[in-house]
Amino acid sequence: MRRLQLPHWAVGLSGAGAALALWWIGAATFLRGVGAPAGGGTGAIPTPWQVLSQMGADGWGFYWRNAAVTLLEAGAGYAWGNALALLLAFLVLLVPPLERLATQLAVISYCLPVVAVGPVIFIVLGPPRSGDPSGTAVALAALSVFFTTMVSALAGLKAADRSCLDIVAVFGGRRIHQLRKVRIIAALPAVLAAFKIAAPAALLGAILGEYVGGVDRGLGPAMVNAQQTLEVARVWGIAFACAALAGGAYAVLGLLSRFAAPWASGVRAGGS
C-alpha cells in the first residue's frame, strides 16, 4: 500500500491551521478573561478575529510606518553582522593562529546580555533624529547574527575536501587560492543556512534595540505604546506582523539558497 505524502507547504498549512483553531477555542472558552483588569475589560488572550479586526482598524499605514523603520535597522544590522562574520572567518583560514581568538570573540558576542549591552551602546551612539533608524537597534541586530554566521562559515570553510585542497597546493596555490577556488564553494551551503537563521535574529535584535534606542517610530515603540494603553489586540497584531516579516525573510532566503546551492538540498540545477 502506497503511503500518501503531503508536500511541505501542505504540512505547514495544516499545522498553522491546527494551532489557529486551538488558539481560537482556548481564547473563547477557558482562557477567556485571563489577565483582564479588575474593573473588567479585554483579557490578555484575544481571539484571532479580534486581532484581525484590530489590524484592519489600524490599517496598512500604521504597520508600514512602523515596520519600515524596523526593517531598515534589521537590514543594516544583518548586512554588517554577516559581513564582519564572513571577513573574520576568511581571516582565520588565511591566518590559522587567530582561530582561538576569533572563536572567543564570537562566543563573547553571543553571551552578552542584550538588556545590559543595549543601554551602553545607546550611550555611545546617542539617540537618532525623529523618524530615523536607531544606531543602537542596528548594532544589536548585527550582534544577534554575528555568532551564528561566523561559526557556520568557519565550519563550512574547514569542511572542504582535502584532496581538492591538495590539488590547488600541488599547482602552486596558496591559502588564498584554496579559499577562493575550493573553500568558499564548499562553505556555501553552511553560509546560506546561517543567513536564513540570521534573518529572524536580526529582526528580533532590531526590535529589542528599539526599546532602548530612543526611536519614536518602529515596531518596538508601537508595541510598547499598545501595552501601556492596554490595547491587547493591537499588541498581538504587532507581534503577528513581526512574525510574518521574520518568517517571510526566512522563506525568501531559503528559496534563494535552493537556487544558489541546489546540491545541498538535493535539487538539481535544472529544477527537477
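Above this note sits the structure.
(A) Representation of the pattern of salt bridges within the structure. Under the counting rule described, the total for this entry stands at 4 salt bridges. The salt bridge involving Asp58 is made with Arg234; its shortest N-O contact spans 2.6 Å. Taken together, the positions of Asp58 in helix H2 (residues 48-94) and Arg234 in helix H9 (residues 232-260) put the pair 176 residues apart, joining distant regions of the chain. Taking relative accessible area as the criterion, Asp58 reaches 16% and is therefore assigned buried. Of the charged contacts, one joins Lys158 and Glu99 as a salt bridge, the two residues approaching to 2.7 Å between their closest N and O atoms. Taken together, the residues Lys158 in helix H5 (residues 135-158) and Glu99 in helix H3 (residues 99-111) connect sequence positions 59 residues apart. Given a relative accessible area of 27%, Glu99 falls into the partly exposed group. Within this structure, Asp58, Glu231 and Arg234 form a network of salt bridges that share partners.

(B) Up close: the side chain of Glu73. Take Glu73: it is sitting in helix H2. A polar side-chain atom of Glu73 sits 2.8 Å from the main-chain amide nitrogen of Ser134. Not counting chain neighbours up to four residues away, the residues in contact with Glu73 comprise Pro133, Ser134, Ala137, Val138, Ala141, Ala206, Glu210 and Val215.

(C) Highlighting the packing of helix H7 (residues 175-212) against H9. Two numbers describe how H7 lies on H9: the axes approach to 9 Å, and their chain directions differ by 165°. On the basis of the axis angle, H7 is roughly antiparallel to H9. For the pair H7 and H9, the crossing hand works out as right-handed. Contacts between H7 and H9 involve Leu188, Leu192, Phe195, Lys196, Ile197, Ala199, Pro200, Leu203 and Ile207 on the former and, on the latter, Cys242, Leu245, Ala246, Ala249, Tyr250, Leu253, Gly254, Ser257 and Ala260. Residue classes in the contact of H7 with H9 are distributed as 15 nonpolar, 2 polar and 1 charged.

(D) Structural detail: the nonpolar core. In this structure, Tyr78, Met150 and Ile238 are the most contacted members of the largest nonpolar core, which totals 42 residues. Contributions of two or more residues to this core are made by H2, H3, H5, H7, helix H8 (219-228) and H9. The contacts of Met150, once residues within four sequence positions are left out, are Ala85, Leu88, Ala89, Ala102, Thr103 and Ala106.

(E) Focus on the packing of aromatic side chains. Taken as a whole and assessed by the stated rule, the structure comprises 7 aromatic pairs. Ring centres 6.1 Å apart and planes at 5° place the aromatic pair Trp60 and Trp64 in the stacked group. A residue pair is termed a helical-turn pair when its members lie 3 or 4 positions apart in one helix, as Trp60 and Trp64 do in helix H2 at 4 residues. Grouped by ring-pair contacts, the aromatic residues Trp23, Trp236 and Phe240 constitute a single cluster. When the ring centre of Phe62 is taken as reference, the NZ or CZ atom of Arg234 above it lies at 5.2 Å.

So, how was this worked out
- Residues numbered from 1 in each chain as written.
- Predicted model: local features only at pLDDT ≥ 70, side-chain atom pairs only at ≥ 80, totals over all residues.
- Heavy atoms only, no water.
- Salt bridge = Lys/Arg side-chain N within 4 Å of Asp/Glu carboxyl O.
- Helix = DSSP H or I, 4+ residues; strand = E, 2+ residues; numbered from the N terminus.
- Buried < 20%, exposed > 50% of the residue type's maximum accessible area, 1.4 Å probe, protein only.
- Polar contact = N/O pair within 3.5 Å; in protein donor to acceptor, adjacent residues only side chain to side chain.
- Contact = heavy atoms within 4.5 Å.
- Axes fitted to C-alpha atoms, helices over the stretch in contact; angles between N-to-C directions.
- Parallel < 35°, antiparallel > 145°, perpendicular 65-115°, else oblique.
- Left-handed = near helix turned anticlockwise from the far one by under 90°.
- Nonpolar A, V, L, I, M, F, W, Y, C, P; charged D, E, K, R; others polar.
- Core = buried A, V, L, I, M, F, W, Y, C linked by side-chain atoms within 4.5 Å.
- Phe/Tyr/Trp six-rings, centres within 6.5 Å; stacked < 30°, edge-to-face > 60°.
- Lys NZ or Arg CZ within 6 Å of the ring centre and 35° of its normal.

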